[in-house]
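# Inside the fold
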Amino acid sequence: MRKLILLFLLTLSISSSATDVLVVKQNASDTSWVISTINEITFDGNGVKLAFTDGQSVYYAKDDFNMLQFDITPSGINSVEAKKAFSIKNNVISVNAETSGIQVYSLNGTLVATSNSKSLNISNLSAGSYIVKADKLITKIVKK
């Protein structure tokens, strides 16, 4: 399950176009979803829930699918811009772009810190690797 979460978070850092899809590989068939219509993907240990921008959702129990596969056209441009959008100094993460807030996730997908502003103090977090998200901007950080 950890590998699925990491794959998802790393894939989010790559921009998506209308033809980019998430494929749910099931026992009998495959189901494809356009990435831009997916608002949130949640892993709960028993399966995965896809929440869509239209308010609907679908849940796949872990025994009902074999794999989640992202079929995307990678673009390094947005990845470079996302990395430049974040800065860290004196245990404070700052976003150098317009944002509604910052969320920090552990590598197992747990939300460990949040802020409704353009900066977040992470001095209370343990040393380790984290995923930082500010709206559609995502990057990985290592706190020492």
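Because the structure is a prediction, the values reported are computed rather than measured.

In low-pLDDT segments, the atomic positions of the prediction should not be examined closely. When pLDDT is averaged along the protein chain, the result is 78, and 78% of the positions lie at 70 or above. Note that residues 13-18 has pLDDT below 50 and, in this model, 14 contacts with residues that lie over four places away or in other chains.

Strand order in the open sheet formed by 3 strands is E7-E8-E11, with antiparallel pairing between adjacent strands. Because the sheet does not close on itself, it has two edges, and the strands there are strand E7 (86-89) and strand E11 (119-121). Averaged over all pairs of adjacent strands, the angle between strand axes in this sheet comes to 15 degrees, irrespective of strand direction. Bridge count for E7 against strand E8 (residues 92-95) is 4 bridges, and the pairing is antiparallel. Paired with Lys 89 across the strands is Val 92, a residue of E8.

All right, on to unusual backbone geometry then. A positive phi angle, close to 65 degrees, is found at Asn 91, a residue other than glycine. Within the element layout of this structure, Asn 91 appears in the loop between E7 and E8. Under the relative-accessibility criterion, Asn 91 is labelled partly exposed at 32%. Its identity is not glycine, yet Asp 135 carries a phi of approximately 55 degrees, on the positive side. Residue placement: Asp 135 occurs in the loop between strand E12 (128-134) and strand E13 (137-143).

Analysis parameters
- Residues numbered from 1 in each chain as written.
- Predicted model: local features only at pLDDT ≥ 70, side-chain atom pairs only at ≥ 80, totals over all residues.
- Heavy atoms only, no water.
- pLDDT = per-residue confidence, 0-100.
- Contact = heavy atoms within 4.5 Å.
- Pairing = 2+ DSSP bridges.
- Helix = DSSP H or I, 4+ residues; strand = E, 2+ residues; numbered from the N terminus.
- Axes fitted to C-alpha atoms, helices over the stretch in contact; angles between N-to-C directions.
- Buried < 20%, exposed > 50% of the residue type's maximum accessible area, 1.4 Å probe, protein only.

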